[in-house]
Amino acid sequence: AFAVSVNPEGAEDETELPVLQKSGKSGTISKTSRELKEIVFIIQSQSNSFHSKRAEDLKRDILKQAADLGKELPVVLLIHQMDGHEGAWTILPLMRDFSVTYGRNSSWIFFCEEDTRVQVVKLLETLGRFDKSKEWFLGKALYDEESTIIHHYAFAENPTVFKFPDFAAGWALSIPLVNKLAKKLKSEPLKSDFTIDLKHEIALYIWQKGEGPHLTPVPEFCTDDVNSYKIDHCATTFSNFLPLCGEPVKKEDIFVAVKTCQKFHGDRIPVVKQTWEREAALIEYYSDYADISIPTIDLGIPNTDRGHCGKTFAILERFLNHSSSRTPWLVIVDDDTLISIFRLRKLLSCYDPNEPVFLGERYGYGLGTGGYSYITGGGGMVFSRVAVQKLLASKCRCYSMDAPDDMVLGMCFSGLGIPITHSPLFHQARPMDYPKGYLSHQIPVSFHKHWNIDPVKVYFTWLAPNTEESLNGKKVGYNREDL
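Residues numbered from 1 in each chain as written. Predicted model: local features only at pLDDT ≥ 70, side-chain atom pairs only at ≥ 80, totals over all residues. Heavy atoms only, no water.

Per an unreviewed UniProt entry, the chain carries the name Beta-1,3-glucosyltransferase and comes from Smutsornis africanus. In its Sequence similarities (unreviewed entry) section, UniProt records this for the chain: "Belongs to the glycosyltransferase 31 family." (UniProt positions renumbered as here; feature names shortened; annotations may be inferred.)

Okay, structure coming up:
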């Protein structure tokens, strides 16, 4: 047996590093080195400067660990650099490229997020348990406890039977499975449809209505924090703190626009006022009726039953022309969005307001056939002033007043070459619509919808700042009831 020091953060002080014991069945450094070059690492990266730097740091760390083991370095790729079309983040369109390029000399494609930390020796040991000549889909298993709209109520009778991977823990496909998927995609191109929850949709595609492999749970794929006492057995860990890059953004640097209408003034607006309104220094409510008791502003845009494109573009114009030009950030939320401005201020410290930033929970439309990504509105849409300026300077506008505003914005920014920046901390649905295992390693920024929940209780359970969090900026344990 031999021990290898692995440092997830790349520190040089050996005393701080966890030591992983690799069993020495036939273990030699050279064998490890040969196995290592058979893994292709894919980091699910983004082009925004904050995210691409984190992905590059992870790539360097993986290559440094590999160099310490021997000469043969693995391939480590950043997904946002791999393909010109916007659908690269949905991964399936890349399967044919993976098959052609790596189908002969590799054994595994291993995917991870920019905040996943990989213990290379332990990963080799873990993958070595599986016969690489067979079709394998490996990961940390998530499942829905009840059927949910974000998964189109899949497996409604018993949603717990279907497992899908937690991307944060890393996940792997054996090359025989990659080749099979590539062949299927060649004969049956992806449908032009919505991408809402990629991890669930990929698992469904691989499952092929029961004909393909199920996800095989791998206990060594973990989302415990790197400092957890539990990580000795883990091949992966996850950095699950809220990002903070220097001082949080000032309250006065975020302008909050709440979209509402007269019929919801009585039930939804009081919830905002009882919960997160006090966290916002600059907030306005936009409605189809001017109510001085709130107060709301009538933008002269009639309310529509469907999309609210006209209203949203009027808000963007108002932000640019009537708010202080020194306010760098705009957040647009629905009147039934629950949001932590306190946490958003920390998160935004990591983004450059001089870049065109469009941030929130990313969905996709028709990405298999060109399409575009967009930020889904209910979880909150965050814009840098520069992004709003570039958008309004373009000719891109609503094709109708009741067009879906979030999708039109996605189409416009796509046409301008401005990338959507995804954060999993924004949520289009309620806490109960997500697996508990998924939310357990998050510090959420928003949730959406009041349907069948007590929204005030949800806010104070999941989003409200508390003293300990305020003092040290670290994750704290919440007593989260089943909501």
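After that view, the rundown keeps rolling.
Our focus in this paragraph is the pairing of strand β3 (residues 39–44). Among the 6 residues that make up β3, 6 are buried, leaving the element largely enclosed by the rest of the structure. Of the two faces of β3, the one lined by Ile39, Phe41 and Ile43 and the one lined by Val40, Ile42 and Gln44 are each fully buried. Pairing of β3 with strand β5 (residues 108–113) involves 6 bridges; the strand directions are parallel. For Ile43, the partnering residue across the bridge sits in β5 and is Cys112. The sheet contact formed by β3 and strand β4 (residues 75–78) spans 4 bridges and is parallel. Residue pairing across strands places Ile42 opposite Leu77, the latter belonging to β4. (Buried < 20%, exposed > 50% of the residue type's maximum accessible area, 1.4 Å probe, protein only. Helix = DSSP H or I, 4+ residues; strand = E, 2+ residues; numbered from the N terminus. Pairing = 2+ DSSP bridges.)

The next subject is helix α11 (residues 405–416). For α11, with 12 residues, the first-to-last C-alpha span of 16 Å sits near the 16 Å given by 1.5 Å per residue. For α11, the complete set of buried residues consists of Asp405, Asp406, Met407, Val408, Leu409, Gly410, Cys412 and Phe413. Just past α11, the residue Gly417 takes up positive phi, approximately 75°. (Expected span 1.5 Å × (residues − 1).)

The subject of this paragraph is the side chain of Ser174. Mapped onto the elements of the fold, Ser174 is located in strand β10 (residues 171–174). Taking the relative accessible area as the measure of exposure, Ser174 reaches 0% and is therefore buried. Reaching out from Ser174, the side chain makes a polar contact with the backbone oxygen of Lys134 at a distance of 2.7 Å. Ignoring any residue separated from it by four or fewer positions in sequence, one finds Ser174 in contact with Ser107, Trp108, Lys132, Lys134, Glu135 and Trp136. (Polar contact = N/O pair within 3.5 Å; in protein donor to acceptor, adjacent residues only side chain to side chain. Contact = heavy atoms within 4.5 Å.)

It is worth spelling out the state of the cysteines at this point. Taken as a whole and judged by the stated rule, the model has 4 disulfides. Disulfide partner of Cys245: Cys350, at an S-S distance of 2.1 Å. Disulfide Cys245-Cys350: the torsion about the S-S bond is 95°, which places it as right-handed. Linking Cys245 in the loop between β13 (236–238) and β14 (254–259) with Cys350 in the loop between α9 (341–348) and β19 (358–360), this pair joins segments that are 105 residues apart in sequence. On the basis of relative accessibility, which here comes to 9%, the residue Cys350 falls in the buried class. The partner cysteine of Cys396 in its disulfide is Cys412, sulfur to sulfur 2.1 Å. Sign of the S-S torsion, about -80° for the bond between Cys396 and Cys412, identifies this disulfide as left-handed. With Cys396 in the loop between α10 (385–393) and α11 and Cys412 in helix α11, this pair connects stretches of sequence that are 16 residues apart. Classification of Cys396 by relative accessible area gives partly exposed; the value is 24%. Judged by its relative accessible area of 2%, Cys412 falls in the buried class. The connectivity of the disulfide bonds within the chain can be written as 1-2, 3-5, 4-7, 6-8, using the sequence rank of each bonded cysteine. (Disulfide = S-S within 2.5 Å.)

Where burial is concerned, most of helix α4 (residues 120–127) is hidden: 7 out of the 8 residues are buried. Every buried residue of α4 is accounted for by Val120, Val121, Lys122, Leu123, Leu124, Thr126 and Leu127.

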